[in-house]
Amino acid sequence: VPVPMSISASDLSDLPLIRIERADDPRLADYVGLTDMQLRTRTEPELGLFIAEGEKVIARALRAGHPMRSMLLSDKWLDLMAPLIASSGAPAYVGSPDVLEQVTGFHVHRGALAAMERLPLPDPATLLGVARRVVVLETVNNHTNIGAIFRSAAALGMDAVLLAPDCADPLYRRAVRVSMGTVFAVPYARLGADPDRPWPHALELLAELGYRRMALTPAPDALDLRELRPEPQEKIALLLGSEGDGLSPRALAACDLRVRIPMAAGVDSLNVAAAAAIACYALTA
Ligand SMILES: C[S@@+](CC[C@H](N)C(=O)[O-])C[C@H]1O[C@@H](n2cnc3c(N)ncnc32)[C@H](O)[C@@H]1O
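This text gives an overview of the structure that appears in the document.

Rules used in this analysis
Positions within a chain are numbered from 1, following the residues in the order the chain's sequence is written. Residue-level local features of this predicted model are given only where pLDDT is at least 70; pairs of side-chain atoms are given and counted only at 80 or more, and the full residue set underlies all totals for whole chains, interfaces and linings. Hydrogen atoms and water are omitted, and side-chain values are computed over all heavy atoms in the structure. For this analysis, a salt bridge means a side-chain nitrogen from Lys or Arg found within 4 Å of a carboxyl oxygen belonging to Asp or Glu. Secondary structure elements follow DSSP: runs of H or I no shorter than four residues count as helices, runs of E no shorter than two count as strands, and numbering proceeds from the N terminus. Burial classification: accessible surface area is computed with a 1.4 Å probe over protein chains only, and a residue below 20% of its type maximum counts as buried, one above 50% as exposed, and the rest as partly exposed. By the criterion applied in these results, polar contacts are pairs of N or O atoms within 3.5 Å in which, for protein atoms, one can donate a hydrogen and the other can accept it, and in which residues neighboring in sequence qualify only through two side-chain atoms. Whether two residues are in contact is decided by their heavy atoms, any of which lying within 4.5 Å being enough. Classification of ring pairs rests on two measures: the distance between centres of Phe, Tyr or Trp rings, Trp counted by its six-membered ring, which must be within 6.5 Å, and the angle between planes, read as stacked under 30 degrees, edge-to-face over 60 and tilted in between.

### Some points on the pattern of salt bridges
Phase 1 of the analysis: What the rule picks out here adds up to 14 salt bridges.
Phase 2 of the analysis: D169 is the partner of R118 in a salt bridge, and the nearest nitrogen-oxygen pair spans 2.6 Å. With a gap of 51 residues between them, R118 in the loop between strand 5 (112–117) and helix 5 (124–130) and D169 in the loop between strand 7 (160–163) and helix 7 (173–178) connect regions that are remote in the sequence.
Phase 3 of the analysis: With a closest N to O distance of 3.7 Å, R197 and E204 form a salt bridge.
Phase 4 of the analysis: Put simply, D30, R69 and E117 are held in one network by salt bridges that share partners.

### Quick notes on the side chain of D224
Phase 1 of the analysis: The topology assignment puts D224 in strand 10 (residues 223–224).
Phase 2 of the analysis: The class for D224 is buried, based on a relative accessible area of 8%.
Phase 3 of the analysis: Reaching out from D224, the side chain makes a polar contact with the side chain of R226 at a distance of 2.7 Å.
Phase 4 of the analysis: Sequence-distant contacts of D224, that is, excluding residues within four places in its chain, are made with R260 and P262.

### Notes on unusual backbone geometry
Phase 1 of the analysis: Of note, the amide linkage connecting W199 to P200 takes the cis form, showing an omega dihedral of 5 degrees.
Phase 2 of the analysis: Turning to its location among the elements, P200 is positioned in the loop between strand 8 (188–190) and helix 8 (203–208).
Phase 3 of the analysis: The phi torsion at T139 lies on the positive side, around 55 degrees, for a residue other than glycine.
Phase 4 of the analysis: Following the sequence through the fold, T139 ends up in the loop between strand 6 (133–137) and helix 6 (143–155).

### Concerning the packing of aromatic side chains
Phase 1 of the analysis: Counted according to the given criterion, the structure contains two aromatic pairs.
Phase 2 of the analysis: When the ring of F50 is compared with that of F184, the centres are 5.6 Å apart and the planes differ by 35 degrees; the resulting orientation is tilted. Separated by 134 residues along the polypeptide, F50 in strand 2 (residues 49–53) and F184 in the loop between helix 7 and strand 8 bring together distant segments of the chain. By the burial criterion, F50 is buried, and F184 matches it.
Phase 3 of the analysis: Taken together, a centroid distance of 5.5 Å and an interplanar angle of 85 degrees make the contact between F150 and Y188 edge-to-face. Pair noted here: F150 is in helix 6 and Y188 is in strand 8, with a separation of 38 residues, a long-range link. Neither residue differs from the other here; F150 and Y188 are each classed as buried.

All we've got here are geometric facts, nothing functional implied.
As structure tokens, this is what we get:
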């Protein structure tokens, strides 16, 4: 979707702007209770929407082809957001910062929120068929970690992210924000949705498609990451697990190799997003 860089002040009058005065305006239903994670995780996937926050992230979502349902912003941000409103063709609800805060539950300091449509996720086999380097996550249920992992995956040239069924939603508002919109750049799919291949049997698909499955674990008997010599054309899947217990024994057993990032004495492990960044970087060497 082409997004113009700027728009002249005279064109502002052509934009589909709707002034809102009341927080209970039913047209703002998409934005209600944004700080209530339980409510949002329950309703967002079902409703097929997600919330993007701030000019850069909204622009990236539009460029990735996500249709915009509407935007919510205060007057101060109108000039900056005008090109995005114009290119989306969606209505923009304009209100005072107080009304915005009453609707969303927080002070909207990134200028604007946009309710965007989700796109269908690709089939894992199709995605793995065209990728070469992928990150696979199990029980990564923290949105900040999901966002940070997508950012590293994008920055370090990974082709895709595969998520076990118990991973958090990459399009949850905080994950989108932490990822700086890279959740729109790195394709991702859910593993384990096929009833014939529940998680972790879904990992067999990676082997069938020629991937070497590397489990990232701090276990002392795993291979030192610095000794890994990946072939440039080799298909590699990096598996990472939860902040608490790490990868499950069944996921570990399904992998071809266990790899560790050596830790200084007295420290048992890294945060999963930090470990993902280091492991992705090692594959670029
Ligand atoms: C906080 S760690 C989990 C620690 C857990 N006690 C374990 O033994 O795996 C979260 C994830 O980050 C990755 N990780 C953290 N530190 C690592 C290290 N030193 N080497 C390899 N992977 C690491 C692993 O994938 C792990 O599942």
